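Structural description and commentary
Residue-level listing of the chains:
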Amino acid sequence: MAILSPTGTQWLTAAVTLSLVAASLSFALTPASGESLQPVDFADTVDMGGTGVDARRAEAEGFVLPRVEVFYSGYRYVVGYVGIETAVGELGDPSAQRQFGDPLAVYVSDLSTVSPTLTEEGFVTPERGRSVGWTPADTAFYVVGSEAAIPSGPVTVAFSERADAEAFADAHGGEVVDWGTLQSRVGDPLPARLDEFERSVEARHAWANDTVSTAERLRERPVSVVVGADASAVPDDRRRADGVASEPTVADAIDAAPPDTTVYLPAGTYDVDEVTLNRSITLAGAGPETVLRGDGNRSVVYVRADAAAVSDLGVAGVGDVGSRGRDSRNDTTDWDTTVQLAYGYGDAGIVLDGAANAAVSNVEIDTPASGVIVRESPDSVLRGLTVRGADTAREGFMGVVLIGAPSAVEESTFVGGRDGVYTHRADGSVVRDNRADPGRYGVHEMYTSESLVANNTVRDGQAGVIVMTRPVENLIVGNDVRGNTYGVVPAGSDSYYARNVVVDNEYGLQVAATATPSSTTSSSATASARAQRHPPVELGTQKRLRGQRAGRRIADRPAPDVVSRRRRQPLGRAADRRRGRRRRLRPAVPADRDGRLADRGSLGRDDARAVARGRDAAPRPGRGLRPPTVGRGRHRRADAAVPLRNDGAPREREYGRCVGVSEESASTASPALSAQSLAQSFGDVDVLSGVSLSIDRGEVAAVVGPNGSGKSTLLHVLAGIAAPESGSVSVGYRRGARSVGYLPQQPAFRAGFTARDTLDFYAQLLEGVDDGDVDATLERVGLADVADRNVGSLSGGMTRLLGLGVAILGDPSVLVLDEPGSGLDPAMVERLFGVVGDLAADGAAVVVASHELPAVQAHADTVYVLDEGDFVATGSPESLLAETESASLSEAFLELVGARAGESTVRAGIGRRSSESDREADETPADGDRGDDAAAGTEVPADE
Amino acid sequence: MSESDVTADANETRRARVNAVVQDLFVVATRELRTIVRTPALVALAVAFAASVVGVAWAGTGGGGGFVPLTLDLLTFVEVLVPLLAVAFGYRSILGDRQTGELDVLRTFEVSRFAYVGGVYLGRALALVSLVVGTLLAVGLFVPFLTADIPTFLAINAAADSGVRYVRFVVLSAAFTLIVLAATVGISAATRTVRTAFALATALAVALVLGIDTALVAGLAGGALAEDGLAFLLALSPNSAFRGLVLSSAVGVVGGAEVAAGEPLLNGVGLLVWWLGSLAVAVWRVWPAVESVEA
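Model, not experiment: these values are computed from the prediction. (Residues numbered from 1 in each chain as written. Chains lettered and ligands numbered in written order. Predicted model: local features only at pLDDT ≥ 70, side-chain atom pairs only at ≥ 80, totals over all residues. Heavy atoms only, no water.)

Here we take up the overall build of chain A. Across its full length, chain A carries 23 helices and 55 strands. Evaluated residue by residue, chain A yields a buried proportion of 56% over its 944 residues. Of the roughly 36800 Å² of accessible surface on chain A, a fraction of 48% belongs to carbon and sulfur atoms. (Helix = DSSP H or I, 4+ residues; strand = E, 2+ residues; numbered from the N terminus. Buried < 20%, exposed > 50% of the residue type's maximum accessible area, 1.4 Å probe, protein only. Areas by Shrake-Rupley, 256 points an atom, 1.4 Å probe, with all protein chains shown as cover.)

This is the structure:
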């Protein structure tokens, strides 16, 4: 696994990093360079502008529409605009960029490829047979403000050659500008457009007001003829003509009436076949009490004269044929005629046919088909109508049908039937202040541009206001639309939807409609489930797209499909108990034994011993009993408190090697490890109460003590892996690759690694330690035979040995071993301590915490007896035995730490207990039983 | 010794120290890589992840629909699976060493906190990022092979569905992986028991995948949060920041509608803060600073 080496990892890191850096360059690249994006057939673009009228006429008459193709970074298809201004406006609009991404390539129609001439209307026509090419927009020259136009208005034209542009400007006026200038001239069009729309709303209301007031005058025509009664039947508030005639029938009366007068029908029902107003007169009744009743087979009243009017009456007996178009549809293939026939020639209460300025007001119509059909009657007014249609949309037809000319429809009520107001090519019509409870749609506009649909109330239909086909400049404002399946369904372009209240509809505003920008602002919309009216929601400028042909719907873009599925061991010993035991101990170690208790704060350094252990193999330090201290921070080992061995000779260890410390860098005068006044507490429990110790090279120091005495904490501090609250630790010399080696209480290693892998890993962290050292270490701890076994399969003892191997890697100056022998069989313990002794013989200072007192007695040079965070005795095993008059260290231990030791974990047949009992043991009186636990258990619990 | 010599010496020492840290870092990283390779559960998870990504790309519209559809197919998937993977790869990384006691042992090898945390993070990150990036790039290759010619009346804009966009998605996914892994390693360093670590790591994953977004939606719906600050709020969660960056730079546009993708810069800053913050927490909490024991 060569790659799984530090070098391999470096290479892998480099490779991954480089790959990611290289891949990050994708943020600097545009997804495709503009050069690779070539113009396409305009018919294959998603058309974003231009009116159907422009397109049809351009195709029919062969003039040029200046077009633009834009390749956006975020849109799968190519977007086509008719009108350079439109495209420039769109390109400058931040919302377009959010929508489509950045424009990567822009092409404009290049008139340099043709020799343009202008028609009378300003349409640009190319030379016969030549087609207009494309040129990149940023290098083209533009002629603005010339005579060039398309049906919907003047246009900017583009040339790839400046000379052509200048020639065109000379011939047809205008100014030649470049792309940048052109862009700077087209600012954010929205606010101005909104103002313009509002002005249009006012203008159309004004037109309707004028038209209505003209029509109202028709109601004031003097009465010249009364039907079926004499002049006395004419109400007093009506003007009368000179000489009011009386005629028996409506038809007679109409025939008899002079122009510009009124035929009056007193209250009553008049059965008629068909009434035709073919002169400019007014047919007026007394109100709903006057009813014209047809024969139920056709329309009832025809108005065929300009400025004719019908008012103040009711109409009934209307035929039930909504549409007669089907009968004559075969005669023509012209769609316009077809629609007119279908919608304009059904039965109706009143039909206005070619009657300019005609009016129908205050008329109630009960009809199974249409109420009023208006065909080609410009400036006609329908006002104050009440049309009660059929029960269902299927049976009925339209309240009002407007075809082919502008009319005003206001203050009328439409109940039932199919649509309230239906318009077909009724450009410029105003539909306002009406109320509809339609079977289908409230206001339904087809092929109708420039209309105003204002302040209408629609309830409970299939749609409130619905605009279809691709009209332009419709204004849909102030309508109150509730309870419909669809509230407002917009379509077309250059249209304005504002201030509409759209509440409680299943779909408030259907946004799936049109090309080119329309403005939809401040329409109140809310989900149908919500009962209350919500504050207006600013919808901003909505951009909608729809392809022109079947199969070109935006739905086949990929994105929408995807998106839609869119504590601490309580050492709670009473302080007085501690003091009590100390008091008891004190006489055992007389302070004046050497007569030289250390001064407070001085370093407990044994100069004599240090000198004695010089590199010339001076005599080993002797083993002597060191005095304990009383109270925290008070214990200091006396200088020279430890006498040399009596014989003064180099001390031989039991395993028999002369020890000398050689070639070390540090001064031989300093101890290998010294700790001063180490204090550590957890909460209010003192774990270490200011302990100090000093260990020399080659010395094996054992820390013994009952569970919870602070051994592990002390070792952590000595190993440098925990910081004491106060006090300091110093390692006095350095002999190998590191200062301290540490064996934790229960070492464990990463599963999946072999013993060798494990050592290899640690060896790699040390400078100058190589595979040979790893092999040597394996050999030394006796794991050479199992070096390639997975650590998971090693026994507890082997794992401990591996931990020891890790601890001794790199020849640390100090070895800190926490319970190395716990849980091991006696042979293994002996072996382990043997290794420890070897290491000390090699010059390491060894601190070992252990409960294996026989092994400690055999191998340790110095024993520190720790209890409740403080050393209660220090000295060589022999001195401890002598002092306590014990036969073994175990006995001495019990003597020193009291009976509690018996409740603690003391190995080697003295006694031990499980850690669960430790707390209990803590509470046990100092003179508690020791023998009871002597034979208990085999496992050494964790110290802390 | 002149002053410049002193300075040169100090520089030398500093350089040596930096070199040692870097060396240790790679040693630790190598151990992490080995651990991952030798942990069957992690290998199985990696295989499952790769298989799932391939499955999504194969079965969804993505692989056959172009790079952007593939990105959108995989986006949610990455958002959910990467935090889970990162938790699996990271939550025991440092905690494991702490529990075996190896962390204490390592410290006696005079390994700096930067080297150790950096090594653990690097090793795990190499494995995880290689897995995520490799898998995503591999399924990216599906696109040219699986995309059929779509019959359409419209001219296709070659720039809109470019592989460059997909590469951006992969890079962002790698960054997202690094950030979520950093958070998990931070948790692993800061906790002391498996239970705590597991609970925190799970909470992190749930918060990332569900919690923060849900809280945002609830806050906005309930009016507790202002819509004005949405861009900031979106940048707070690595998931929404990542999603925002993918939508704004790798997808570009969705369905012709504006997307609440937040502010790319804020999102980037949000992710950076998560990354550096998590690693800083890991370095700070892995072990207490202890003064050198050497005299």
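Now for the packing of helix α9 (residues 163-190) of chain B against helix α12 (residues 238-251) of chain B. All names here are of chain B. It is at 9 Å that the axes of α9 and α12 come closest, and there the two elements cross at 165°. It follows from the interaxial angle that α9 and α12 lie roughly antiparallel. Every pair of crossing elements has a handedness; the one defined by α9 and α12 is right-handed. From α9, Arg165, Arg168, Phe169, Leu172, Ser173, Phe176 and Ile179 reach across to α12, where they touch Pro238, Asn239, Phe242, Leu245, Val246, Ser249, Ala250 and Val251. In terms of residue class, the contact of α9 with α12 is built from 10 nonpolar, 3 polar and 2 charged. (Axes fitted to C-alpha atoms, helices over the stretch in contact; angles between N-to-C directions. Parallel < 35°, antiparallel > 145°, perpendicular 65-115°, else oblique. Left-handed = near helix turned anticlockwise from the far one by under 90°. Contact = heavy atoms within 4.5 Å. Nonpolar A, V, L, I, M, F, W, Y, C, P; charged D, E, K, R; others polar.)

It is worth spelling out the packing of aromatic side chains at this point. Across all of its chains, the model carries 15 aromatic pairs over all chains by this definition. Judged by centre distance (4.9 Å) and plane angle (40°), the ring pair of Tyr762 of chain A and Phe109 of chain B falls under tilted. Taken as a pair, Tyr762 of chain A in helix α15 (residues 755-764) and Phe109 of chain B in the loop between α6 (102-107) and α7 (113-140) lie in two separate chains rather than in one. Ring geometry for Tyr864 of chain A versus Phe871 of chain A: centroids 4.8 Å apart, planes at 45°, classification tilted. Taken as a pair, Tyr864 of chain A and Phe871 of chain A share a single burial class, namely buried. Among the aromatic side chains, those forming a connected cluster through ring pairs are Phe761 and Tyr762 of chain A together with Phe109 of chain B. Its end group placed over the ring of Phe109 of chain B, Arg738 of chain A keeps NZ or CZ at 3.6 Å from the ring centre. The ring of Phe753 of chain A is capped by Arg38 of chain B, whose NZ or CZ atom sits 5.3 Å from the centre of that ring. (Phe/Tyr/Trp six-rings, centres within 6.5 Å; stacked < 30°, edge-to-face > 60°. Lys NZ or Arg CZ within 6 Å of the ring centre and 35° of its normal.)

Glancing now at the sheet that holds strand β50 (residues 726-731) of chain A. Residue and element names in this part refer to chain A. With antiparallel pairing, the 3 strands of this open sheet are ordered in space as β48-β47-β50. The strands lining the two open edges of the sheet, one partner per strand, are β48 (685-695) and β50. The average angle at which neighbouring strand axes cross in this sheet is 20°, direction not considered. Here strand β47 (residues 673-682) pairs with β50 via 5 bridges, running antiparallel. (Pairing = 2+ DSSP bridges.)

Below, the discussion takes up a negative patch on the surface. Residue and element names in this part refer to chain A. Together, Asp195, Glu196, Asp427, Glu450 and Glu473 make up a region of like negative charge exposed at the surface. Looking at where Glu473 falls in the secondary structure, it is placed in the loop between β36 (463-467) and β37 (475-477). For Glu473, a relative accessible area of 35% gives the class partly exposed. (Patch = residues over 30% accessible without salt bridge, like charges linked within 9 Å, V, L, I, M, F, W, Y side chains within 5 Å. Salt bridge = Lys/Arg side-chain N within 4 Å of Asp/Glu carboxyl O. Lys, Arg positive; Asp, Glu negative; His and termini not counted. Charge placed at Lys NZ, Arg CZ, Asp CG, Glu CD.)

Turning next to the confidence of the model for chain B. Residues and elements named next belong to chain B. Of all residues in chain B, 86% have pLDDT values of 70 or greater, and the mean over the chain is 82. In the model of chain B, helix α3 (residues 62-65) stands out as the element of lowest mean pLDDT, 59, in contrast to α7, which has the highest, 92. Segment residues 253-258: pLDDT under 50, and 19 contacts once partners within four positions in sequence are set aside and those in other chains are kept. (pLDDT = per-residue confidence, 0-100.)

Counting 167 residues, the largest nonpolar core has Leu714, Leu718 and Tyr762 of chain A together with Tyr116 and Phe169 of chain B as the members making the most contacts within it. Looking at this core element by element, the count peaks at 16 residues for α7 of chain B. Domain assignment of the residues forming this core places at least three in each of domain 3 (576-590 + 617-735 + 813-887) and domain 4 (749-811) of chain A. Non-local contacts of Tyr116 of chain B, meaning those with residues more than four positions away in its chain, are made with Val28, Ser93, Ile94, Asp97, Leu103, Leu106, Val111, Val286 and Trp287 of chain B. Judged by nonpolar contacts, the second largest core, of 54 residues, contains Leu283, Val374, Val409 and Val421 of chain A. (Core = buried A, V, L, I, M, F, W, Y, C linked by side-chain atoms within 4.5 Å. Domains from an automatic or database assignment.)

The subject of this paragraph is the packing of helix α2 (residues 40-59) of chain B against helix α4 (residues 67-90) of chain B. Residue and element names in this part refer to chain B. One can describe the packing of α2 onto α4 by two numbers: an axis separation of 10 Å at closest approach and a directional angle of 170°. Classified by the angle between their axes, α2 and α4 sit roughly antiparallel to one another. Seen from α2, the contacting residues are Leu42, Leu45, Phe49, Ser52, Val53, Val56 and Ala57; seen from α4, they are Leu70, Asp73, Leu74, Phe77, Leu81, Leu85, Ala88 and Phe89. Looking at the contact of α2 with α4 residue by residue, the class counts come to 13 nonpolar, 1 polar and 1 charged.

All names here are of chain A. Applying the stated criterion across every chain yields a total of 36 salt bridges over all chains. Between Arg57 and Glu61 there is a salt bridge, with the nearest N and O atoms lying 2.8 Å from each other. Separated by 4 residues within a single helix, Arg57 and Glu61 lie in helix α2 (residues 52-61), roughly one turn from each other. Arg219 is the salt-bridge partner of Asp312, the closest N and O atoms lying 2.9 Å from each other. Placement of Asp312 in strand β21 (residues 309-316) and of Arg219 in the loop between α7 (190-218) and β13 (223-227) is noted, with a sequence separation of 93 residues between them. Within this structure, Glu216, Arg219, Arg238, Asp312, Arg383, Glu410, Glu411 and Arg432 form a network of salt bridges that share partners.

Of all 9 residues in helix α21 (residues 889-897) of chain A, 7 are buried, a share of seventy percent or more. Those residues of α21 of chain A that sit buried are Leu889, Ser890, Ala892, Phe893, Leu894, Leu896 and Val897 of chain A.

Attention now moves to the pairing of strand β19 (residues 290-293) of chain A. Residues and elements named next belong to chain A. Where strand β16 (residues 268-271) lies against β19, 4 bridges are found, and the strand directions are parallel. Following the sheet pairing, Gly268 is matched in β19 by Thr290. As judged from the 3 bridges shared by β19 and β21, these two strands associate in the parallel manner. When the bridges of β21 are listed, Val291 appears paired with Gly314.

Residue and element names in this part refer to chain A. The 10 strands lie next to each other as β17-β20-β22-β24-β27-β30-β33-β36-β39-β42, forming an open sheet whose pairing is parallel. Where the open sheet ends on each side, the last strands, each with one partner, are β17 (275-277) and β42 (507-509). Direction aside, the axes of adjacent strands within the sheet are offset by 10° on average. Bridge analysis of strand β30 (residues 421-424) against strand β33 (residues 441-446) gives 4 bridges, and the strand direction is parallel. Considered in β33, the bridge of Tyr422 is made with His444.

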